[in-house]
Amino acid sequence: MYKKFSITELVSFTKSLQILYVEDNQEARESFLDLLKNFFTDIVTAVDGEEGFKKFQSKHFDLVISDIRMPKLNGIEMSKKIREIDCTIPIIIATAHKENDLLLESIEVGTSAYLLKPINFKKLEKVLKQTCEKIYYMKRLEEYEASLEELVRLRTKELEIAKNRLEEMNNRDPMTNLYNRRYFHDVAENLLKISKREQKPFSLLMIDIDRFKNINDTYGHLIGDQVIKLLAETFQQLIRASDIPIRFGGEEFIILLPNTDIEGALSIAKKIQTYIKPKKDLTISFTVSIGVVEYKPIIDTNIDKLLHRADKALYEAKRSGRNKIIVDKGA
């Protein structure tokens with residue numbers, strides 16, 4: 001149910017509204033304008049329907065008040081054109097007693113109310129109260145719908161953030177916070193395709209902690225876990241922001257190196273090994289073996305082929321004594 005405004009409330013609300021008043025007769029326009037100023041502050045006038053419609057197109061209005069009989073474009077014709085742009089804006093038609101046929105036509109156009117000339121102040125007050133109550137609730141409804149849309153937008157954004165966080169968690173190894181094997185399969189194939197398309201180098205390091213089972217058996221799994229964490233921290237310190245370190249499984253790691261040729265990959269591998277060799281932590285020292293490969297489009301038709309070559313290089317590093325770097329040049 002619409003709120004019933006008191007006169008004080010009506011005047012207070014209507015002062016915020018923007019009104020378009022269209023009347024061709026200057027005397028009638030000035031007289032009626034004096035009455036309207038008792039309720040509205042922002043009133044734009046027009047001398048005929050054509051001018052009224054042009055002004056309606058150029059500015060926002062909350063209410064249109066118009067005479068019916070006017071040159072160029074009468075009130076009904078103007079109302080029809082306005083309705084093509086805005087089907088909800090209230091339109092009040094002012095008409096003489098003998099214009100009932102035009103009044104009926106204006107109702108068909110969708111006018112909100114009508115006023116009979118000469119204008120009676122009490123009648124004007126009543127019509128404006130009824131019309132402004134509807135405008136008030138239309139505005140409140142628009143505000144409510146806007147707030148709901150904003151709430152939905154924010155909620156959708158929150159859900160998207162939560163989804164991204166969950167996906168990030170699913171792609172991370174909980175111990176080291178490096179990316180995991182699942183993420184490797186999502187991203188590595190794309191990096192390979194980008195390298196092929198843009199003809200840029202792409203390399204890969206496969207790294208394994210030497211004799212890790214002995215570390216666990218001798219010092220316990222807690223120490224073994226700390227060795228893994230220490231190696232993961234080493235990667236984060238030595239590699240570039242564009243490189244992607246991955247805990248591939250157990251004590252085995254992969255580092256994806258976009259825009260990196262075999263010489264650059266070998267340089268990074270040496271940095272890691274140099275950093276690890278003298279490193280003594282938790283009363284133990286450890287070493288790593290590293291297999292190094294660069295993507296070759298002719299032989300590496302997919303990421304598994306490249307991974308297989310890296311695994312072979314790592315195996316050779318292990319077989320030949322560990323604590324070594326072996327490069328598979330794909331020749």
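What counts and what doesn't
Residues numbered from 1 in each chain as written. Predicted model: local features only at pLDDT ≥ 70, side-chain atom pairs only at ≥ 80, totals over all residues. Heavy atoms only, no water. Helix = DSSP H or I, 4+ residues; strand = E, 2+ residues; numbered from the N terminus. Rg over C-alpha atoms; globule rule 2.2 N^0.38 Å. Buried < 20%, exposed > 50% of the residue type's maximum accessible area, 1.4 Å probe, protein only. Contact = heavy atoms within 4.5 Å. Areas by Shrake-Rupley, 256 points an atom, 1.4 Å probe, with all protein chains shown as cover. Core = buried A, V, L, I, M, F, W, Y, C linked by side-chain atoms within 4.5 Å. Axes fitted to C-alpha atoms, helices over the stretch in contact; angles between N-to-C directions. Parallel < 35°, antiparallel > 145°, perpendicular 65-115°, else oblique. Nonpolar A, V, L, I, M, F, W, Y, C, P; charged D, E, K, R; others polar. Arc of directions from axis to C-beta. Pairing = 2+ DSSP bridges. Disulfide = S-S within 2.5 Å. Phe/Tyr/Trp six-rings, centres within 6.5 Å; stacked < 30°, edge-to-face > 60°. Salt bridge = Lys/Arg side-chain N within 4 Å of Asp/Glu carboxyl O.

1. A short note on the overall build of the chain
On a plain count of helices and strands, the chain comes out with eleven helices and twelve strands. Computed over C-alpha atoms, the radius of gyration of the chain comes to 39 Å, more than 25% over the 20 Å expected from 2.2 N^0.38 for 331 residues, which places it beyond the range of a compact globule. Projected onto its principal axes, the C-alpha coordinates of the chain cover approximately 110 × 45 × 25 Å. Counting over 331 residues, the chain shows a buried share of 42%. At a minimum sequence separation of 6, the contacts of the chain that also span at least 24 residues come to 66%. Just so you have it, the chain exposes about 18500 Å², and 52% of that area is on carbon and sulfur atoms.

2. Points about the nonpolar core
Among soluble globular proteins, nonpolar side chains are generally buried collectively. Counting 28 residues, the largest nonpolar core has Leu205, Ile207, Ile209, Ile272 and Phe286 as its most contacted members. Mapped onto this core, the elements with two or more residues apiece are strand 6 (202-209), helix 8 (212-219), helix 9 (221-238), strand 8 (252-258), helix 10 (262-276) and strand 11 (288-294). Of all the elements, helix 9 adds the most residues to this core, at seven residues. Residues in contact with isoleucine 207, not counting those within four places in the same chain, are Phe235, Glu251, Glu252, Phe253, Ile255, Ile272, Val288, Ser289 and Ile290.

3. Examining the packing of helix 7 (residues 181-198) against helix 11 (residues 303-319)
Where helix 7 contacts helix 11, the axes come no closer than 9 Å and their chain directions differ by 100 degrees. The angle between helix 7 and helix 11 falls in the class roughly perpendicular. Counting all contacts with helix 7, which are made through Phe184, His185, Ala188, Glu189 and Leu192, the residues of helix 11 involved are Ile303, Asp304 and Leu307. Residue composition of the contact of helix 7 with helix 11, grouped by class: five nonpolar, one polar and two charged.

4. Examining helix 8
For an α-helix, the turn length of 3.6 residues means that residues three or four places apart are oriented alike. Of the residues making up helix 8, those classed as buried are Phe212, Ile215 and Asn216. Looking down the long axis of helix 8, one finds its buried residues gathered within 95 degrees of arc, a one-sided arrangement. Relative to its buried face, helix 8 has exposed residues pointing more than 90 degrees away, namely Lys213, Asp217 and Thr218. In the segment just after helix 8, glycine 220 is the residue with positive phi, at about 100 degrees.

5. Description of the pairing of strand 8
Two faces, one strand: in a regular strand the side chains alternate between the faces of the sheet. Judged by how many residues are buried, strand 8 sits mostly within the fold: seven of seven residues are covered. The two faces of strand 8 match: Glu252, Ile254, Leu256 and Pro258 on one face and Phe253, Ile255 and Leu257 on the other face are all buried. Looking at chain direction, strand 6 and strand 8 are connected through seven bridges and run antiparallel. Note on strand 8: the bridge partner recorded for leucine 204 is leucine 256. As defined by bridge partners, strand 7 (residues 244-249) adjoins strand 8 across five bridges and the pair is classed as antiparallel. When the sheet's bridge partners are listed, proline 245 is paired in strand 8 with isoleucine 255.

6. Topic: the sheet that holds strand 8
Overall, mixed pairing links the five strands, which are arranged 7-8-6-11-12 in an open sheet. Each edge of the open sheet carries a strand with a single partner, namely strand 7 and strand 12 (325-328). This sheet shows a mean twist of 20 degrees between the axes of neighbouring strands, independent of strand direction. For strand 11 and strand 12, the ladder comprises four bridges, and the chain directions are parallel. Looking across to strand 12, one finds that valine 292 is bridged to valine 327.

7. What to know about the state of the cysteines
Tallying each qualifying case throughout the model produces zero disulfides. In this structure cysteine 87 is a free cysteine whose sulfur lies 19 Å from that of cysteine 132, the closest cysteine sulfur available. Judged by its relative accessible area of 62%, cysteine 87 falls in the exposed class. For cysteine 132, a relative accessible area of 0% translates into the label buried.

8. Points about the sheet that holds strand 1 (residues 18-22)
One open sheet holds the five strands; their spatial order is 2-1-3-4-5, and the pairing between them is parallel. The open sheet terminates on both sides in strands that have one partner only, identified here as strand 2 (42-46) and strand 5 (113-116). Going across the sheet, the axis of each strand differs from the next one's by a mean of 20 degrees, ignoring polarity. Of the strand pairs in this sheet, strand 1 and strand 3 (residues 63-67) are connected by four bridges, and their pairing is parallel. Looking at the pairing, valine 22 lines up with serine 66 of strand 3. Each of strand 1, strand 2 and strand 3 is contacted by helix 3 (residues 49-58), which is oriented at about 140 degrees to strand 2, the strand it contacts most.

9. Brief notes about the packing of aromatic side chains
The geometry of an aromatic ring pair is captured by the separation of the ring centres together with the interplanar angle, meaning the angle of the planes. Per the stated rule, a full pass over the model turns up eight aromatic pairs. A centroid spacing of 3.9 Å and a plane angle of 15 degrees characterise the contact between tyrosine 179 and tyrosine 183, whose relative ring orientation is stacked. As far as burial versus exposure is concerned, tyrosine 179 and tyrosine 183 are alike and both buried. Grouped by ring-pair contacts, the aromatic residues Phe39, Phe40 and Phe121 constitute a single cluster.

10. Topic: the pattern of salt bridges
Enumeration according to the criterion identifies 17 salt bridges in this entry. Across the pair lysine 55 and glutamate 51 runs a salt bridge, and its minimum N-O distance is 3.2 Å. With lysine 55 and glutamate 51 both in helix 3 and four residues apart, this pair spans about one turn of that helix. Each member of the salt-bridge network shares a partner with another, and the members are Glu23, Asp67 and Lys117.

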